Structure formats: structure tokens, C-alpha cells
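Commentary on secondary and tertiary structure
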Amino acid sequence: MNKRGKFASSAVLTTTVVLIVYFLSESTKSPVPDPCEQTLSAAALAAPGEAQEALVDNALLRGTHCSEPKPPPSP
């Protein structure tokens, strides 16, 4: 096999590997969690006391941009 054939073969192999890795990574992605629910949940699970109250207040203030709760996705 000459240099040109080896180069073409390695280019095809590299492209195939990159495409396989890309498609596998796309198919195994988990959905992005809703930041509106996540912030308030984390604040509510914090240690009780002033720190928890401050975290809940902060989560509620930051969550003003959130709309009404979304219905769960249908199967």
C-alpha cells in the first residue's frame, strides 16, 4: 500500500471513530434539570436555621423568571 492509500485509510478510520463517539455521546446525554425546581429544592434541603431561610429567600427571588410549573412530558 502506498502513502496515499495509507493516508486515505487512516482518514476514513479517524472520521468513523469521531462519528461513533459523537453519536454515542449524543444518545447518552441526560436531560438538563430545570433550574427553577433545582434551586428551591437545594435550598429546602439545607440545614435548618438562618442559612436555610436565606437560601429559600434567594431561590424564590431568583425564581421570579420561572413560569407556571410545566406538566410532565407525555410518553
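Placed above this text is the structure.
Rules used in this analysis
Residues numbered from 1 in each chain as written. Predicted model: local features only at pLDDT ≥ 70, side-chain atom pairs only at ≥ 80, totals over all residues. Heavy atoms only, no water. Helix = DSSP H or I, 4+ residues; strand = E, 2+ residues; numbered from the N terminus. Buried < 20%, exposed > 50% of the residue type's maximum accessible area, 1.4 Å probe, protein only. Areas by Shrake-Rupley, 256 points an atom, 1.4 Å probe, with all protein chains shown as cover. Salt bridge = Lys/Arg side-chain N within 4 Å of Asp/Glu carboxyl O.

1. Focus: the overall build of the protein
Looking only at helices and strands, the protein has three helices and zero strands in total. Ordering the α and β elements of the protein from the N terminus gives α-α-α. Among the 75 residues that make up the protein, the fraction classed as buried is 4%. On the protein, roughly 6900 Å² of surface is accessible, and the fraction owed to carbon and sulfur atoms is 66%.

2. Remarks on the pattern of salt bridges
Tallying each qualifying case throughout the model produces one salt bridge. The salt bridge involving K29 is made with E26; its shortest N-O contact spans 3.2 Å. With relative accessibility at 56%, the residue K29 sits in the exposed group. E26 sits in the partly exposed class, given a relative accessible area of 35%.

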